[in-house]
Amino acid sequence: MKQSIDNIPELQDIGPAKQNSPGVQINLKRVVDRIIRFWYIIILSLLISLTIAYIINRYSPRIYPVKASIIIKENDENVGAKFLYNNELINPYRNFYNELYIMKSYPLLQEVMDTLGFEVSMYREGELKTTEFYDPTFPVKFHILPKGMRPTGVSMYFTILNENTFTLQYVGADEEAGKKFTSLAFNDTLRINGFYLLLEKTRSVREYVGQQFTIRFNDPLSLAKIYSSKLGATFAQIGASVVNLDIHGPVAKKEIDFLNKFIERYQFYDVEKKNKVATMAIRFLDEQLLVIGDSLNEYEDQVENFKERNIITSLESETDRLYQKIEAFETQKFQYRLLDNYYKYITELLKNDQYDGIFTPTSVGITDNIVASLVTTLIQEQTQVKIYKSNAAERMEDNPILQSKLKKIEFIKGDIIKAIANSRETHKINIAFINEQIKLVEAQLSKLPRTQRELVDIKRNYGLKENLYVFLLQKRTEAGLSRASTTSDIVVVNPPMAGGPISPKVKQNYITAAGIGIFLPLLSFVLLELFNSRIQSREDIEKLTSVPVIGGIGHNSSFDQLVVNSRPKSAMAESFRALRSNLNYFTANKDHLVFMVTSSIPGEGKSFTTLNLASVIAMAGKKTIIVGADLRRPKLFDDLGLTNEVGLSQYLSGMATREQIIQKSKIEDLYLISGGPMPPNPSELLIRPAMEELMLELRKTFDFIIIDTPPLSFVADAFVISKYADHSIYVIRQNFTPNIALQSLEEFYQIGKLTNISILFNDLRKSGLGYGYGGYGYGYGYGYGYGYSSGGKNEKAGGYYSD
């Protein structure tokens with residue numbers, strides 16, 4: 001009868017059949033066992049991590065924090081010149097939030113860099129690391145002269161030879177690297193590759209002779225950007241005007257000097273900003289005083305000439321009344337002229353976009369609320385635009401806030417020009433009215449004698465210019481007092497002070513290193529267990545299948561396949577005797593039995609088990625024959641010292657008789673039917689009636705028949721042969737057989753494709769928590785022999801196993 005084998009599923013296509021089979025789990029016992037067995041790996045990892053932490057703590061640069069605090073006084077706190085007079089030049093408006101942006105603005109910080117000389121950095125090279133050298137009292141000052149290009153990014157070795165000379169040598173990987181300039185003199189201008197240097201010696205350099213430094217030329221703007229990002233400026237609390245400043249760096253003294261100079265420059269900026277309006281007003285008033293002063297001198301000369309030519313030196317009462325009246329009208333006209341001059345001055349600045357020279361009309365005693373309000377708003381918006389421009393890292397076109405401010409300034413500019421135009425039209429009307437009134441008074445004066453009229457004209461012009469000169473001089477004095485009495489609103493609360501190093505964090509680094517040193521090995525142990533998809537213990541077997549376990553075989557450390565014959569008293573031989581005994585419980589001690597030995601994949605010890613099981617049975621006086629049903633890879637004959645010239649394949653093909661294929665081994669009562677030469681159709685041969693006839697004849701002749709079959713995962717031969725077996729032994733190997741193999745076995749077992757089967761756990765060499773077969777000795781399970789013994793020790797890996 002020919003049996004179809006097409007419907008037999010492959011190993012990889014079959015899922016787990018046991019409903020309670022768990023998914024991916026971690027066996028904590030095995031993890032703990034690895035920790036115990038490989039404790040030295042944890043110690044080694046801990047030592048390595050602590051060594052790395054020591055190197056980091058030893059050679060990382062120490063970073064020190066430097067902190068200071070300042071207070072920005074409220075406007076009513078800074079009375080200044082207001083104590084003397086109502087100072088219109090002091091702007092009462094201050095946006096404290098803008099101050100934080102001003103503090104971190106690039107132009108302000110760049111001035112600090114230039115003042116401190118940070119554009120040149122000095123370093124000392126050690127054996128393992130290079131540290132910055134900063135000493136404000138260093139006897140040599142480096143000056144980069146402006147007449148050449150800047151050596152930005154250039155590094156050079158600087159060595160002092162004696163009190164008068166030194167050397168410079170290029171550092172780097174470019175074409176200038178290694179270029180050396182020797183015997184250069186202090187206090188002398190040096191021209192090196194297009195830039196000019198002056199090394200000024202301020203005192204004796206004896207203590208530094210022979211020492212080598214590395215000097216690096218930095219870009220002040222780039223440094224300003226770095227310090228802008230490093231500098232911390234925050235209000236102490238909401239609503240407070242106290243600002244906390246902090247910065248950190250490897251040289252505490254350098255950062256302290258920076259904060260001191262920064263606060264000093266910020267105070268100067270605050271005073272300069274306040275004096276800016278006063279300075280522009282003084283310039284405008286000086287121009288007006290110069291013009292009026294010339295006119296006043298001219299009229300003084302006219303008065304003197306009149307006195308020389310005429311005896312009249314005083315006016316009559318009526319004449320004096322008309323004179324005072326016309327003088328008042330002229331004063332009003334001058335106020336309008338002064339305002340018109342201011343309007344011309346402001347308009348010219350606005351048309352040329354010169355916003356820095358703009359000041360409010362109240363600064364020079366002019367009252368125009370509309371224009372004054374618009375000019376004040378323009379000054380405030382322009383100040384914010386300058387802040388944004390100084391801090392903008394991107395292009396101005398890409399900054400939406402800056403673009404919005406610029407558009408607003410353009411709108412305010414247009415409103416100011418329109419307001420000035422309207423005011424000037426109104427002033428023309430007022431001046432025309434004043435001129436009419438002056439004409440009426442002059443008509444009354446025309447009736448007076450000529451000498452009286454001439455004296456009135458001279459005194460009128462002289463008095464008008466004199467009053468205007470005094471008025472402008474008073475405003476000039478007020479502006480000067482304002483500028484002289486202005487003090488900064490920035491007051492130091494806490495001067496810059498350095499704290500302990502914040503980096504590296506020595507204790508934290510050691511704790512972190514210790515944690516990593518312990519955690520990484522533990523994590524590797526967990527991952528090894530998590531991703532290990534191979535059978536490790538009897539517990540794994542019981543989780544994956546309900547097929548019973550018949551026994552366990554230890555690790556074979558030798559290359560001898562016939563262990564029970566060569567070492568009959570070894571623990572390995574005892575484990576096969578235990579297997580023989582356990583088979584009796586599954587077969588009820590019957591005679592003429594057929595055992596099939598199979599596995600899932602090659603290398604699990606199927607053939608090794610077949611040889612030794614058959615040998616131990618034969619050594620018990622039972623006539624035993626091994627049938628090599630693995631027609632594709634016959635190999636049992638070689639271990640028994642027999643041949644493969646005639647075998648099962650030739651018998652099934654009708655090319656040999658039963659007597660011809662049976663070979664007697666050197667072991668008493670042990671016979672072999674080898675697989676024979678490999679046929680082209682092994683599976684078809686095994687389902688021929690000749691196979692069934694052979695098994696019937698062998699049952700009559702032999703007490704035990706051990707059939708060695710191919711692995712289940714490759715071919716279906718084992719399923720075909722299993723119908724002849726009274727019991728099947730499924731061999732698995734510790735840390736070799738994949739979990740999916742047992743899941744497939746469970747599927748075959750549940751659907752009845754494999755019955756009367758048990759599992760033999762082979763190559764047991766891992767012992768401890770969560771490993772192995774579950775017990776040592778020979779008395780596990782069904783009384784004597786159900787178990788295995790490893791000989792009291794874990795035998796070395798590298799032994800020989802055959803399929």
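Residues numbered from 1 in each chain as written. Predicted model: local features only at pLDDT ≥ 70, side-chain atom pairs only at ≥ 80, totals over all residues. Heavy atoms only, no water.

## Examining helix 5 (residues 220–230)
Phase 1 of the analysis: Regarding helix 5, the residues found buried are Pro-220, Leu-223, Ala-224, Tyr-227 and Ser-228. Seen end-on, helix 5 carries its buried residues on one side only, within an arc spanning 140°. (Buried < 20%, exposed > 50% of the residue type's maximum accessible area, 1.4 Å probe, protein only. Helix = DSSP H or I, 4+ residues; strand = E, 2+ residues; numbered from the N terminus. Arc of directions from axis to C-beta.)

## A few points about the sheet that holds strand 4 (residues 140–145)
Phase 1 of the analysis: Taken together, three strands build an open sheet; the order of strands is 4-9-8 and the sheet is antiparallel. Each edge of the open sheet carries a strand with a single partner, namely strand 4 and strand 8 (189–192). Here the average twist between neighbouring strands, direction ignored, is 30°.
Phase 2 of the analysis: Note that strand 8 and strand 9 (residues 195–201) share four bridges and pair antiparallel. Each residue of the ladder has a partner; that of Arg-191, found in strand 9, is Tyr-196. (Pairing = 2+ DSSP bridges. Axes fitted to C-alpha atoms, helices over the stretch in contact; angles between N-to-C directions.)

## What to know about helix 15 (residues 606–618)
Structurally, the α-helix is built with 3.6 residues per turn, so residues lying three or four positions apart point the same way.
Phase 1 of the analysis: With 13 residues, helix 15 should reach 18 Å at 1.5 Å per residue; the first-to-last C-alpha distance of 18 Å fits that figure.
Phase 2 of the analysis: Within helix 15, 13 of the 13 residues are buried, which leaves it mostly tucked inside the rest of the structure. (Expected span 1.5 Å × (residues − 1).)

## A look at the environment of Thr-701
Phase 1 of the analysis: Assignment of secondary structure puts Thr-701 in helix 20 (residues 689–701).
Phase 2 of the analysis: Note on Thr-701: relative accessible area 33%, which makes it partly exposed.
Phase 3 of the analysis: Spatially, the C-alpha atoms of Thr-701 and Thr-624 are 9.3 Å apart, while their sequence positions differ by 77 residues.
Phase 4 of the analysis: Beyond its immediate sequence surroundings of up to four residues, Thr-701 is in contact with Lys-623 and Arg-658. (Contact = heavy atoms within 4.5 Å.)

## Let's talk about the pattern of salt bridges
Two side chains that carry opposite charge are able to pair once their charged atoms sit near each other.
Phase 1 of the analysis: A full pass over the atoms with the stated rule returns 25 salt bridges.
Phase 2 of the analysis: Lys-543 is the partner of Glu-539 in a salt bridge, and the nearest nitrogen-oxygen pair spans 3.7 Å. A residue pair is termed a helical-turn pair when its members lie 3 or 4 positions apart in one helix, as Glu-539 and Lys-543 do in helix 12 (residues 538–544) at four residues.
Phase 3 of the analysis: On the basis of relative accessibility, which here comes to 34%, the residue Glu-539 falls in the partly exposed class.
Phase 4 of the analysis: Owing to a relative accessible area of 29%, Lys-543 belongs among the partly exposed residues under this scheme.
Phase 5 of the analysis: Of the charged contacts in the structure, one is a salt bridge between Lys-700 and Glu-697, with a shortest N-O distance of 3.8 Å. (Salt bridge = Lys/Arg side-chain N within 4 Å of Asp/Glu carboxyl O.)

## Observations regarding unusual backbone geometry
Phase 1 of the analysis: Following Ser-503, the chain continues to Pro-504 via a peptide bond in cis, the omega torsion being -5°.
Phase 2 of the analysis: Residue placement: Pro-504 occurs in the loop between strand 13 (490–498) and helix 11 (506–530).
Phase 3 of the analysis: The phi dihedral of His-592 is positive, around 55°, even though this residue is not glycine.
Phase 4 of the analysis: By secondary structure assignment, the location of His-592 is in the loop between helix 14 (571–587) and strand 15 (593–599).
Phase 5 of the analysis: The backbone of Asp-763 sits at a positive phi, close to 60°, despite the residue not being glycine.
Phase 6 of the analysis: Looking at the element boundaries, Asp-763 is found in strand 21 (residues 757–764).

## Details of the pairing of strand 6 (residues 165–171)
Phase 1 of the analysis: Most of strand 6 is tucked away, with five of its seven residues classed as buried.
Phase 2 of the analysis: Once strand 5 (residues 155–160) ends, the chain turns through four residues before running back antiparallel as strand 6.
Phase 3 of the analysis: Relative to strand 7 (residues 180–185), strand 6 is paired through four bridges, and the arrangement is antiparallel. Looking across to strand 7, one finds that Leu-168 is bridged to Phe-181.

## With respect to the nonpolar core
Phase 1 of the analysis: Of all hydrophobic cores here, the largest spans 48 residues; its most connected members are Leu-648, Leu-698, Ile-705, Tyr-730 and Leu-742.
Phase 2 of the analysis: Here the element with the most residues in this core is helix 20; it accounts for five residues.
Phase 3 of the analysis: In terms of nonpolar packing, the next biggest core, distinct from the first, is built from 33 residues, Ile-553, Phe-608, Leu-611 and Leu-760 among them. (Core = buried A, V, L, I, M, F, W, Y, C linked by side-chain atoms within 4.5 Å.)

## Comments concerning the packing of helix 14 against helix 15
Phase 1 of the analysis: Axis separation between helix 14 and helix 15 bottoms out at 9 Å; the angle between their running directions is 75°. As the angle between them shows, helix 14 and helix 15 are arranged roughly perpendicular. Between helix 14, through Met-572, Phe-576, Arg-577, Leu-579, Arg-580 and Leu-583, and helix 15, the contact on the second element is made entirely by Phe-608, Thr-609, Asn-612, Leu-613, Val-616 and Ile-617.
Phase 2 of the analysis: Of the residues assigned to the contact of helix 14 with helix 15, the class counts are eight nonpolar, two polar and two charged. (Parallel < 35°, antiparallel > 145°, perpendicular 65-115°, else oblique. Nonpolar A, V, L, I, M, F, W, Y, C, P; charged D, E, K, R; others polar.)

## Structural notes on the environment of Leu-28
Phase 1 of the analysis: Tracing the chain through its elements places Leu-28 in helix 1 (residues 28–37).
Phase 2 of the analysis: Among the residues examined, Leu-28 registers a relative accessible area of 60% and is labelled exposed.
Phase 3 of the analysis: Separated by 498 residues in the primary sequence, Leu-28 and Val-526 place their C-alpha atoms 8.3 Å from one another.

## Remarks on the packing of aromatic side chains
Phase 1 of the analysis: With the rule as written, the count across this model stands at 24 aromatic pairs.
Phase 2 of the analysis: An angle of 80° between the planes, with centres 5.6 Å apart, marks the rings of Phe-133 and Phe-138 as edge-to-face. For the residue pair Phe-133 and Phe-138, the accessibility class agrees, reading buried in each case.
Phase 3 of the analysis: Ring centres of Phe-142 and Phe-158 lie 5.3 Å apart, and the angle between their planes is 80°; this geometry places the pair in the edge-to-face category. Here Phe-158 lies in strand 5 and Phe-142 lies in strand 4, a separation of 16 residues in the sequence.
Phase 4 of the analysis: The class of Phe-142 is buried, set by a relative accessible area of 14%.
Phase 5 of the analysis: We classify Phe-158 as buried; its relative accessible area is 0%.
Phase 6 of the analysis: For the cation-ring pair, Lys-147 lies above Tyr-196, with the distance from its terminal atom to the ring centre recorded as 4.7 Å. (Phe/Tyr/Trp six-rings, centres within 6.5 Å; stacked < 30°, edge-to-face > 60°. Lys NZ or Arg CZ within 6 Å of the ring centre and 35° of its normal.)

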